[in-house]
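# Chain and residue survey
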Amino acid sequence: MPYDLGDVVPLRTTIKDDAGGLANAGTMVLSIGLPDATTVTVSPVAPVSTGTYAYGYLSVQAGRHTVRWLATGANAGAYTDVFDVREPVSPALFSLADAKQYLNKTTTGDDDEIRAMVEAVTAAVEGYVGAVIVRTVTEDHDVRVARTISLRKTPALALTSATAVLTGAASYDVDGLDLDPSGGIVRRKDGGLLHGPLRFVYTAGRRIVPAAITLGGKIILQHMWRTQQGPGRPQMGVGDFEVTEPVPGLGYAVPNRALQILEPYKLPPGVA
């Protein structure tokens, strides 16, 4: 499960001898590869008990981290792993508390799994209705001459910059550009042409999330939670929770009643 930025990530490995019993290594080195391609090395790592090594890493970057334990000398061996750290801004459509209330969950044992599911649900919903979580987007448009340019993430809330990709080419003051938020269409206010390639930085998402989008996401979460519990469990959904036909781009993960609720906010064809 992903960790929050600033969490202490518990890393752990064990070493065994030729007979399969726990045994200390001659030397243990821990290397953590960070998202910015730098590496944190901890050497040596002392065992917390015979053959067991542990280290608490304080996360300082969001993204994918790699882990490598390397034992040398006596009882040599190696172990590799990965862990993810969330960005500071939550990528969730709704809170853990809201998710648990909808699932009628009062215990805390499944909190990490539910949080990860909410993030997955958010991505599915955004693929259907467009950006929901407000974020900064940077994207290049390799056009030479155009009257309008369509940004890929909508709704597009505001333009930050529109700069030339090529050296010596013209950039544009965003005050001279018009933005249609729903379609992400950018045009010059003076009616002139846009000359590219251009790199746009803009804000996308929804400042106010419609109740239908939130409810649609909760229905998808409930469907995912029930079906992953396995057959025969009381939580397993039937009938109204089943998907009788695949949804283009989504397969069988999204129940039809969620799509019906999300329908008023469905992206038009060709809009991301």
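The structure this text deals with has already been given above.
Overview of the structure. Computed from a predicted model, the values in this text were never measured in an experiment.

### Re the pairing of strand 6 (residues 63–72)
Looking at chain direction, strand 2 (residues 27–33) and strand 6 are connected through seven bridges and run antiparallel. Across the sheet, the residue bridging to methionine 28 is alanine 71, located in strand 6. Relative to strand 7 (residues 77–85), strand 6 is paired through nine bridges, and the arrangement is antiparallel. Of the residues in strand 7, the one forming a bridge with arginine 64 is aspartate 84. Taking the residues that link successive antiparallel strands as the turn, the strand 6-strand 7 hairpin has four residues, and the phi of glycine 73 there is positive, at about 80°.

### Examining the pattern of salt bridges
Side chains that carry opposite charge are capable of pairing whenever their charged atoms lie near each other. Going through the model one piece at a time under the given rule, you end up with 12 salt bridges. With a shortest N-O distance of 3.9 Å, glutamate 139 and arginine 152 are connected by a salt bridge. In this pair, glutamate 139 is assigned in strand 8 (residues 135–141) and arginine 152 in the loop between strand 10 (148–150) and strand 11 (156–164), connecting sequence segments 13 residues apart. Judged by relative accessible area, glutamate 139 falls into the buried class, the value being 8%. Between arginine 188 and aspartate 190 there is a salt bridge, with the nearest N and O atoms lying 2.8 Å from each other. According to the relative accessible area criterion, arginine 188 is partly exposed, its value standing at 23%. Residue classification places aspartate 190 among the exposed positions, given a relative accessible area of 57%. It is possible to trace a salt-bridge network through shared partners that takes in Asp4, Arg86, Arg115 and Glu119.

### Considerations on the nonpolar core
By size, the foremost hydrophobic cluster in this structure holds 22 residues, and its most contacted members are Val118, Val125, Val129, Ile213, Ile220, Leu221 and Leu262. Elements supplying a minimum of two residues to this core: helix 1 (96–103), helix 2 (111–129), helix 3 (211–228) and helix 4 (256–262). If sequence neighbours within four positions are ignored, valine 129 has contacts with Arg206, Ile213, Leu262, Tyr265, Lys266 and Leu267. Counting 18 residues, the second-largest nonpolar core is a separate cluster that includes Val174, Leu194, Leu198 and Tyr202.

### Focus: the sheet that holds strand 12 (residues 177–180)
Strand order in the open sheet formed by three strands is 10-13-12, and the pairing between neighbours is antiparallel. Each edge of the sheet is formed by a strand with only one pairing partner; in this case those strands are strand 10 and strand 12. Across the sheet, the mean angle separating the axes of adjacent strands is 20° when strand polarity is ignored. Across four bridges, the pairing between strand 12 and strand 13 (residues 185–188) is antiparallel. For leucine 177, the partnering residue across the bridge sits in strand 13 and is arginine 188.

### Points about the sheet that holds strand 15 (residues 198–204)
An order of 8-15-11 is seen for the three strands of this open sheet, with the pairing classed as antiparallel. Bordering the open sheet on either side are strand 8 and strand 11, each of which pairs with just one other strand. Neighbour-to-neighbour, the strand axes of the sheet open up by a mean angle of 20°, direction not taken into account. Sheet analysis places strand 11 next to strand 15, joined by seven bridges and oriented antiparallel. Considered in strand 15, the bridge of threonine 163 is made with arginine 199.

### Some words on the side chain of threonine 214
Locating threonine 214 in the fold gives a position in helix 3. Setting aside residues up to four positions removed in sequence, threonine 214 forms contacts with Leu93, Phe94 and Val209.

### Here we look at a nonpolar patch on the surface
On the surface, Val8, Leu58 and Val60 cluster together to form a nonpolar patch covering roughly 280 Å² of accessible area. Mapped onto the secondary structure, valine 8 falls in strand 1 (residues 8–14).

### Points about the environment of glycine 205
Positionally, glycine 205 belongs in the loop between strand 15 and helix 3. A C-alpha to C-alpha distance of 9.7 Å links glycine 205 and proline 181, two positions 24 residues apart in sequence. The contacts of glycine 205, once residues within four sequence positions are left out, are Ala131, Val132, Ile133, Val134, Pro155 and Leu157.

Calculation notes
- Residues numbered from 1 in each chain as written.
- Predicted model: local features only at pLDDT ≥ 70, side-chain atom pairs only at ≥ 80, totals over all residues.
- Heavy atoms only, no water.
- Pairing = 2+ DSSP bridges.
- Helix = DSSP H or I, 4+ residues; strand = E, 2+ residues; numbered from the N terminus.
- Salt bridge = Lys/Arg side-chain N within 4 Å of Asp/Glu carboxyl O.
- Buried < 20%, exposed > 50% of the residue type's maximum accessible area, 1.4 Å probe, protein only.
- Core = buried A, V, L, I, M, F, W, Y, C linked by side-chain atoms within 4.5 Å.
- Contact = heavy atoms within 4.5 Å.
- Axes fitted to C-alpha atoms, helices over the stretch in contact; angles between N-to-C directions.
- Patch = residues over 30% accessible without salt bridge, like charges linked within 9 Å, V, L, I, M, F, W, Y side chains within 5 Å.
- Areas by Shrake-Rupley, 256 points an atom, 1.4 Å probe, with all protein chains shown as cover.

Remember, this is a structural readout, not a statement about activity or role.
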